[in-house]
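Notes for the structure review
Listed below are the residues making up each chain.
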Amino acid sequence: MGHKQYLAVGQSARNRLFGLAPRLPGDKKPLPLNMLISQQGKISHGRLAVITFSICTVVLGVILSFVPWLDYIIFKELKLWNGSLSYSYWQRPGVIRLTKVYIFNVTNPQGFLENGEKPKLNEVGPFVYREDMEKVNIKFHDNDTVSYQHNKILRFVPELSVDKTQKLVVPNIPLLTVTSFSNNLPTWLFNVLVTGLAITYRDRSKPFVQITAEELVFGYDDPLVTLAHYFYPKGKRPNSQMGLLLARNGTLEEVHTINTGQRLDKFGYLDKLNGLDHLPYWRDSPCNNIKASEGSFFPPPATTKEKTVYVYDKDLCRIMPFTYRKDVYKDGILTGLYTPPSSMLENADINPDNKCYCQGEKCPPRGLQNISPCQYNAPVYLSYPHFYDAEPSLLEGFEGLQPDKKKHGSYILLQPKIGVPLEAQVRVQLNLKVDRANIRVNDIHKFPDIMFPVMWAQEGIDGVSTSIWRWIFLGTRFGPIAAPIISYSLIIIGLAILINVFIKAYKDFVVGQDSLEIVELGRETIRRGSTLIINSSKIVNNKEASYQPLYKSKKNNKTNTSNTSKTHNITLPRGSKDKLQELNFINKTENLSSSLDELKLMLNRDFVKSHFSEAERESLIRSDNTFIMSEHRRSRVFQDYKIPEDYY
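**What about the pairing of strand β13 (residues 333-339)?**
Here β13 lies mainly inside the structure; 6 of its 7 residues are buried. Sheet analysis places strand β12 (residues 318-330) next to β13, joined by 7 bridges and oriented antiparallel. When the bridges of β13 are listed, V328 appears paired with T335. The hairpin turn running from β12 into β13, its antiparallel successor, is 2 residues long, and D331 in that turn takes a positive phi close to 55°. Where β13 and strand β16 (residues 411-414) come together, 3 bridges link them in antiparallel fashion. Residue L337 lies in a different strand from β16, and its bridge partner there is L413.

Structure (structure tokens):
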């Protein structure tokens, strides 16, 4: 029990020296914060810096755990502005975009015209073209939109294609377009047309022509097309050659204005098309709606909660809806599978939204849509390849068509968090609507009313580049896992540092490894300035004398009297004989100098120098009985003996 008493004295004395309130046994109040940031009675800047860092770490971790900071970074880089990650991807896409063309070769043209046979179609392809595309004439506007034009160059990829020089038999599109309109011409104009075909155009005025795939796709000379090019009004004038994809090469005339992403529900969607807020090809809504993407970005479905996204392409002459079906993984990244709804090309009687595509004519059957306004008024109709998901009667008039959902359906794999497609394929077929004409030149009159398939094309991407994939993976797969780990790790690390600092400070302050030095210092202080009887003893206030304990042996009752000049026997209170101890009286006048020298020597030890300032050491030397008695009263050393109140 004796060492605990001195420990209490040393702790209380140190509290006094540091200016802290003493801790009494049973006191439940926590140690002051000063204990954590002070050392040797001074502010420890190193410890204060560590504590500040740990507190900031905890606060930062708590803030990050409640704030969607990862989403902020992602959406900041996702928005289109000159310098964002998405801008470089959007301005010059780092993806391989392929256009695959399949042409229907008619193997029985004479049998079809002469004998009324079903046209036998042989699909030839693919003829693969790599599309090098970039945005040009880019201009940002104050209303969070950006305008641009597409510059596209289609380059033939022979290693992925069949021979593009082989001859194919296809319908004569310019001729059949003119003859289909002939029924609506005045009689005199009709006769002029027939005469011109019979005299000047007889060698070329055949219902079927034999050309190469390259010519059909990118143009061949035709007198009727050349004539239309010169006489059509400006703005509706066709190209000087006949080519189904001829207008896709070079800088396109259309000026797109899209939303840059300040509002995610409009991100990537068209705001204007050639300065108009609607499609000019159709008079009524929803057919003339332009709320669609050109294919690079979509409003993130995870944010908008929308189940349908829209795509616009001039060749489609409309916006094309894609509806969410299910989640699939593409190269380890979660995506949503989107496909066109069955109502897209539904008959207008069933889907009234398609009625506005029927302008002054009878609406086509299911699976077809008139796109003649985008094809210089040529009677061209859009469908899925091989009349997939179309009216069965359209298939019955041909041989060789085999619709397949996997081969002929369109789809988009869209990452829901950022709205970027990782894979997409749009597959459409171009069909020529032919009306029988009473023109008896080269068996034109034998060509029946029919919806004749000419070709179908597949346009899209099979994946993104490695650099784009890496950013998407970090933002959508790694980031959502790493973000909470980082947040909670900051909290744990900060708390661990705080706890470690507190424990270390507490040990140094109260029960440090060198606490025995503090105990010894307390003992020497008591010996120098007090009269003390330990355990049921009486304290005598005597500033002129010093006492050292004399321990009497129970066996031989010998008293240790070394190093004393005078000894006074103190009469102990009755009942304490079993605990008899004596104090050796030291006359201050005789031994003061030696005691002070001994105390100063002790105070000059390395431990004391490192833990006490000069002022603190001097205060220990100058301490008197009043200080010691105060410390003992606070520490309650005398648990078995109650000191009379009138003693003090």
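The discussion continues.
**Let's talk about the side chain of Q369**
Examined against the element boundaries, Q369 turns out to sit in strand β14 (residues 369-370). Residue contacts for Q369: discarding those within four places in its chain leaves W282, L316, C317, R318, L345, Y357, P364, V380, Y381 and L382.

**Details of the nonpolar core**
In this structure, I103, F447 and F452 are the most contacted members of the largest nonpolar core, which totals 105 residues. Among the elements that line this core, the one with the most residues is strand β18 (residues 450-461), at 8 residues. Excluding residues that lie within four positions of it along the chain, I103 makes contacts with N122, E123, V124, F127, L168, V170, A213, L216, V454 and M455. Formed by 6 residues, the second largest nonpolar core is a distinct cluster that contains L224, A437, V441 and I444.

**Describing the environment of N239**
Considering the arrangement of structural elements, one finds N239 in the loop between α10 (223-231) and β8 (250-251). On a C-alpha basis, the gap between N239 and V225 in space is 7.5 Å, while along the polypeptide they are 14 residues apart.

**Things to note about the state of the cysteines**
The final tally for this structure, using the stated rule, is 3 disulfides. Across the disulfide, C287 is cross-linked to C356 (sulfur-sulfur distance 1.6 Å). Across the disulfide from C287 to C356, rotation about the S-S bond amounts to roughly 80°, and the bridge is consequently right-handed. One end of the pair, C287, is in the loop between β10 (270-273) and α11 (301-304); the other, C356, is in the loop between β13 and β14, with 69 residues separating them in the sequence. There is no split in this pair, since C287 and C356 are both buried. Between C358 and C363 runs a disulfide, and the two sulfur atoms are separated by 2.0 Å.

**Some details on unusual backbone geometry**
The omega torsion across G125 and P126 is 10°, close enough to zero to call that bond cis. For the bond from S285 to P286, the omega torsion is 5°, close enough to zero to count as cis. Turning to its location among the elements, P286 is positioned in the loop between β10 and α11. The phi dihedral of D331 falls on the positive side, at around 55°, and the residue is not glycine. By the element assignment, D331 lies in the loop between β12 and β13.

**Let's talk about the side chain of N151**
When you line up the elements, N151 lands in strand β5 (residues 145-156). Those residues in contact with N151 that sit more than four places away from it in its chain are D132, M133, E134, V136, G250 and T251.

Reading the values: rules and limits
- Residues numbered from 1 in each chain as written.
- Predicted model: local features only at pLDDT ≥ 70, side-chain atom pairs only at ≥ 80, totals over all residues.
- Heavy atoms only, no water.
- Buried < 20%, exposed > 50% of the residue type's maximum accessible area, 1.4 Å probe, protein only.
- Helix = DSSP H or I, 4+ residues; strand = E, 2+ residues; numbered from the N terminus.
- Pairing = 2+ DSSP bridges.
- Contact = heavy atoms within 4.5 Å.
- Core = buried A, V, L, I, M, F, W, Y, C linked by side-chain atoms within 4.5 Å.
- Disulfide = S-S within 2.5 Å.

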